[in-house]
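Architecture at a glance
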Amino acid sequence: MQSTNATPDKRTADNPTDPDRYYAIVPADWVRMGRDQHVLEGYERFYADKLCYERKLERDPSAIGGYVETNRLHVLYRNPETDETVERQYQAAVVETDSNTLEVNTSAVDGEIGPHDWGRIRYAALEPTDGIAVVPKCVYDGEPLNFKSSVAVRDDEPRVGEDR
């Protein structure tokens, strides 16, 4: 005879995990080797200040295994004159290593020249946990100039803390 008690649904929810987050000051290498975005009339310059690395596991029926892992960097840019802030997001490159730096390509002359006249340099990485190094994907797949040390922000663009 079968029990008439309802069995709780054992399937995983659509949000299987809360995101793992790691907060840090933007590394000096990122600011020093990054690029300043050109500021036009009607724009203000905001400088990279703090960041949050976020790792999230999300349900995706079309993915192998039904889940996909997303890794993002949320960078907070601050205007030093007004203390206003804006956020920009980057995809994160996550590498298993014991090093706190990663070797990346660079077009700068201070790197060792390699194939195709590109240099290779050591680039500071975040270490949210032991054995994991995180840098912006645009740097890992490209070069340090792809990270924006400062951004141009329109006067009418919403600031962090305002309604978006």
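Bear in mind that the values here come from a model prediction, so they are computed numbers and not experimental data. (Residues numbered from 1 in each chain as written. Predicted model: local features only at pLDDT ≥ 70, side-chain atom pairs only at ≥ 80, totals over all residues. Heavy atoms only, no water.)

1. Section: the overall build of the protein
Within the protein one finds 2 helices and 10 strands. Listing the helices and strands of the protein from first to last along the sequence gives β-α-β-β-β-β-β-β-β-β-α-β. Here the protein holds 164 residues, and the buried ones make up 34% of them. Taking as baseline every contact in the protein between residues at least 6 positions apart, the subset at least 24 positions apart corresponds to 63%. Only carbon and sulfur atoms are counted for the fraction: they give 46% of the accessible area of the protein, which is about 10900 Å². (Helix = DSSP H or I, 4+ residues; strand = E, 2+ residues; numbered from the N terminus. Buried < 20%, exposed > 50% of the residue type's maximum accessible area, 1.4 Å probe, protein only. Contact = heavy atoms within 4.5 Å. Areas by Shrake-Rupley, 256 points an atom, 1.4 Å probe, with all protein chains shown as cover.)

2. Some thoughts on the nonpolar core
By size, the foremost hydrophobic cluster in this structure holds 30 residues, and its most contacted members are Trp 30, Leu 73, Tyr 77 and Phe 147. In terms of residue count, the dominant contributor to this core is strand E5 (residues 85-96) (5 residues). When near neighbours in sequence (up to four residues on either side) are disregarded, Leu 73 contacts Trp 30, Leu 51, Cys 52, Tyr 53, Arg 88, Gln 89, Tyr 90, Ala 92, Leu 126, Val 134, Val 135 and Pro 136. (Core = buried A, V, L, I, M, F, W, Y, C linked by side-chain atoms within 4.5 Å.)

3. Quick notes on the layout of surface pockets
Where empty space is left becomes clear once a probe the size of a water molecule has been rolled over the atoms. Put simply, the largest pocket is a space of about 170 Å³. Asp 20, Arg 21, Tyr 22, Tyr 53, Arg 55, Glu 69, Asn 71, Val 94, Pro 128, Thr 129 and Ile 132 together form the lining of the largest pocket. Within the residue set of the lining of the largest pocket, elements represented by two or more residues are strand E1 (20-25), strand E3 (43-59) and strand E4 (67-78). With 3 residues, E1 is the single largest residue contributor to the lining of the largest pocket. Within the lining of the largest pocket, the residues separate by chemical class into 5 nonpolar, 2 polar and 4 charged. (1 Å grid on protein atoms, 1.4 Å probe; cavity = no way out; pocket = protein on both sides within 12 Å on 5 of 7 lines; lining within 4 Å. Points joined across faces, edges and corners; volume = space filled by probe spheres on them. Nonpolar A, V, L, I, M, F, W, Y, C, P; charged D, E, K, R; others polar.)

4. Let's talk about the pattern of salt bridges
Pairing is possible between side chains of opposite charge, provided their charged atoms come close. On inspection of all chains with the given rule, the structure shows 15 salt bridges. A salt bridge links Arg 78 to Asp 49; the nearest nitrogen and oxygen atoms lie 2.8 Å apart. A residue pair is termed long-range when its members are at least 10 positions apart, and Arg 78 in strand E4 and Asp 49 in strand E3 qualify at 29 residues. Here Arg 120 and Glu 103 are joined by a salt bridge, their closest N and O atoms 3.2 Å apart. Of the two residues, Arg 120 is situated in strand E8 (residues 119-124) and Glu 103 in strand E6 (residues 101-106); the sequence distance between them amounts to 17 residues. (Salt bridge = Lys/Arg side-chain N within 4 Å of Asp/Glu carboxyl O.)

5. A closer look at the packing of aromatic side chains
The description of an aromatic ring pair rests on the distance of the ring centres and on the angle between the ring planes. A full pass over the atoms with the stated rule returns 3 aromatic pairs. Plain terms: the ring middles of Trp 30 and Tyr 123 are 6.1 Å apart, the flat faces sit at 5° to each other, and that makes the pair stacked. Residue Trp 30 is found in helix H1 (residues 28-33), and its partner Tyr 123 is found in strand E8; the two are separated by 93 residues along the sequence. Each member of the pair, Trp 30 as well as Tyr 123, carries the same accessibility label: buried. (Phe/Tyr/Trp six-rings, centres within 6.5 Å; stacked < 30°, edge-to-face > 60°.)

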